[in-house]
Amino acid sequence: MRKLIFAALLTASTLVIIQSCSKSGENKPSGSSSFDRKGMLTNISTNIIMPAYTAFQADAVSLDAAVAAFNANPAAGTLTDLQTAFKATYKQWQATSVFEIGPAGQMDLRVNTNTYPADVTQINSNINTNTYNPALLANLSAKGLPAMDYLLFGVGADNNAILLLYTTDSKAANRKTYLAALSAELKTNATTVLTAWNGAYKTTFINADGTDQGSSAGQLVNQLVYDYEILKNYEIGIPAGVQSMGTTFPQKVQAYYSKMSVQLALLHIQAIQDIYNGKDGLGLDDYLTQANGKYSDGSPLNTVIEKQFATAITKLQALTDPLSDNIKNNNTAVTAAYTELQKLTVLLKTDMPSSLGILITYGDNDGD
């Protein structure tokens, strides 16, 4: 059972409720050797991973259908419907991107879905030549959600201008063909991964209940931290100039053209927090508590992590969409959010794995 702490997130007319942390319950023995890792993996796969992939696949199917309807009849109504379907898919991706494990890892789902900023030059070249090969490395930033973000929001000053590019423009047919190829690829990839999880992979994931590098707990912790660093660095830090001596790159934010970067960042950190907490069941927080993880000052490490999640979320709540405008006009608030996200990085990447006996196996160069 959990004691719920609610934090209301109000971002650009969107109210999001975050459920945070502490679980109460039976006394547990000290140390982690007796922790029910298989129970944790069962809970996370059943109640977090599978619902995330199921929802993302359903959204990708709806998005592909909306593209087909728009291409058949490019009009104000079908464009609005398509933009709405796109936003829903991008939002659901925030709860799905962490799980680059097994089937998703084999097909590089993360980079094929959400490599940004979009390469506008490559996108327009593909449209002009009416060629698109998704296997080419040159197209990595010309596919997935960021490319559709540009094609649905960034190619015109408003929806009327966007519609002209899909109706009267000389390359309108090429543009529609490209848009359809992108949405079909998203749908196919999402379906492939979901099918694997619905098949044998869920059992494989649950049964790999050790702590070694290839274990599910080891992979889960590594991917949670890796995906969290994408949030910290690519969604906030790099656009805000924290790694470029103050030179900002507001155009590098996630969802630059649809202008919902802050909404996505909040959904992303909520998803990561849900994984850490296991929602209402066994999670990494329980594992860390049973391992008797301690912070440097002797306080329970889980308590410190939960407090830092809350602090980082509060700083993100202080930002507004479009984030690119925040970076231009109030970058102090953006860098303040980054600072608190960085503090959480150390806790998740160094302190937590050390307490659990899990090795972080990926490398980075951002000084952690």
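Draft legend 1. Spatial organisation of the confidence of the model for the protein chain. With 89% of its residues at a pLDDT of at least 70, the protein chain reaches an overall mean of 91. In this model residues 1–31 is a low-confidence stretch, pLDDT under 50, and it forms 74 contacts with partners more than four residues away in sequence or in other chains.

Draft legend 2. Highlighting the environment of Gln270. Structurally, the position occupied by Gln270 is in helix H10 (residues 261–277). Residues Gln270 and Gln94, spaced 176 residues apart in sequence, show a C-alpha to C-alpha distance of 8.9 Å.

Draft legend 3. Expanded view of the pattern of salt bridges. As enumerated under the stated definition, the model contains seven salt bridges in all. The residue Lys143 makes a salt bridge to Glu185 at a minimum N-O spacing of 3.0 Å. With Lys143 in the loop between helix H5 (120–129) and helix H6 (144–154) and Glu185 in helix H8 (residues 172–207), this pair connects stretches of sequence that are 42 residues apart. Taking the shortest distance from any N to any O, the salt bridge between Glu229 and Lys349 comes out at 3.2 Å. In this pair, Glu229 is assigned in helix H9 (residues 216–240) and Lys349 in helix H14 (residues 331–356), connecting sequence segments 120 residues apart. Comparing Glu229 with Lys349 shows no difference in burial state: the two are buried.

Draft legend 4. Just the nonpolar core, in detail. Counting 102 residues, the largest nonpolar core has Leu151, Ile305 and Leu348 as its most contacted members. In terms of residues, this core owes the most to one element, helix H1 (residues 37–72), which gives 14 residues. Those residues in contact with Ile305 that sit more than four places away from it in its chain are Tyr276, Leu288, Leu344, Leu347, Leu348 and Met352.

Draft legend 5. Fine view of the packing of aromatic side chains. Summed over all chains, the structure comprises 15 aromatic pairs. Consider the rings of Phe70 and Tyr166, whose centres lie 5.1 Å apart with planes at 75°: the pair is edge-to-face. With Phe70 in helix H1 and Tyr166 in the loop between helix H7 (159–165) and H8, the pair connects residues that are 96 residues apart, well separated along the chain. Pair check on accessibility: Phe70 and Tyr166 agree, each one buried. Each ring, one from Tyr150 and one from Tyr257, has its centre 5.3 Å from the other, and the planes form 65°; the classification is edge-to-face.

Draft legend 6. Focus on unusual backbone geometry. A cis geometry characterises the amide bond from Tyr116 onward to Pro117, with omega recorded as 5°. Turning to its location among the elements, Pro117 is positioned in the loop between helix H4 (109–114) and H5. Here Asp321 and Pro322 are connected by a cis peptide whose omega angle stands at 0°. Mapped onto the secondary structure, Pro322 falls in the loop between helix H12 (301–317) and helix H13 (323–329). Unusually for a residue other than glycine, Met245 sits at a positive phi of about 55°. Here Met245 is to be found in the loop between H9 and H10. Taking the relative accessible area as the measure of exposure, Met245 reaches 87% and is therefore exposed. For Ala255, which is not glycine, the phi torsion reads 55° and is therefore positive. Within the fold, Ala255 resides in the loop between H9 and H10.

Draft legend 7. Region of the structure containing H5. By the burial criterion, the buried members of H5 are Gln122, Ile123, Asn126 and Ile127. Buried residues of H5, seen end-on, are gathered within an arc of 140° and therefore sit on one face of the element. Taken from the residues just after H5, Asn130 is the one with a positive phi, measuring 55°.

Draft legend 8. Molecular detail of H10. Taking 1.5 Å of rise per residue, the 17 residues of H10 would be expected to cover 24 Å, and the 24 Å separating its terminal C-alpha atoms lies within 8% of that figure. For H10, the tally of buried residues reaches 16 of 17 residues, placing the bulk of the element in the interior. Downstream of H10 by a residue or two, Gly278 has a phi angle that is positive, lying close to 65°.

Draft legend 9. Quick peek at the side chain of Asp149. Along the chain, Asp149 falls in helix H6. The charged side chain of Asp149 is buried without a salt bridge, its nearest counter-charge being Lys87 at 8.4 Å. Engagement of the side chain of Asp149 in a polar contact is seen with the backbone nitrogen of Tyr256, the distance being 3.4 Å. When sequence neighbours within four positions are dropped, the list of residues in contact with Asp149 reads Phe86, Gly154, Ala255, Tyr256, Tyr257 and Ser258.

Draft legend 10. A look at the side chain of Ser258. Relative to the helices and strands, Ser258 is located in the loop between H9 and H10. Here the side chain of Ser258 touches Asp149 through a polar contact of 2.6 Å, side chain to side chain. Contacts of Ser258, omitting those with residues within four sequence positions, involve Phe86, Lys87, Asp149 and Phe153.

Draft legend 11. Representation of the environment of Asp209. As for its position among the elements, Asp209 is in the loop between H8 and H9. Owing to a relative accessible area of 28%, Asp209 belongs among the partly exposed residues under this scheme. For the pair Asp209 and Leu41, spaced 168 residues apart in the sequence, the C-alpha separation amounts to 7.5 Å. Setting aside residues no more than four positions away along its own chain, Asp209 makes contact with Arg37, Lys38 and Leu41.

Draft legend 12. Summary view of the packing of H1 against helix H2 (residues 76–93). Where H1 contacts H2, the two axes come as close as 9 Å, and the packing angle between them is 160°. Between H1 and H2, the interaxial angle falls into the category roughly antiparallel. Relative to H2, H1 is oriented so that their crossing is left-handed. From H1, Ala52, Ala55, Phe56, Asp59, Ala60, Ser62, Leu63, Ala66, Val67, Ala69 and Phe70 reach across to H2, where they touch Thr78, Leu79, Leu82, Ala85, Phe86, Ala88, Thr89, Gln92 and Trp93.

About the criteria used
Residues numbered from 1 in each chain as written. Predicted model: local features only at pLDDT ≥ 70, side-chain atom pairs only at ≥ 80, totals over all residues. Heavy atoms only, no water. pLDDT = per-residue confidence, 0-100. Contact = heavy atoms within 4.5 Å. Helix = DSSP H or I, 4+ residues; strand = E, 2+ residues; numbered from the N terminus. Salt bridge = Lys/Arg side-chain N within 4 Å of Asp/Glu carboxyl O. Buried < 20%, exposed > 50% of the residue type's maximum accessible area, 1.4 Å probe, protein only. Core = buried A, V, L, I, M, F, W, Y, C linked by side-chain atoms within 4.5 Å. Phe/Tyr/Trp six-rings, centres within 6.5 Å; stacked < 30°, edge-to-face > 60°. Arc of directions from axis to C-beta. Expected span 1.5 Å × (residues − 1). Lys, Arg positive; Asp, Glu negative; His and termini not counted. Polar contact = N/O pair within 3.5 Å; in protein donor to acceptor, adjacent residues only side chain to side chain. Axes fitted to C-alpha atoms, helices over the stretch in contact; angles between N-to-C directions. Parallel < 35°, antiparallel > 145°, perpendicular 65-115°, else oblique. Left-handed = near helix turned anticlockwise from the far one by under 90°.

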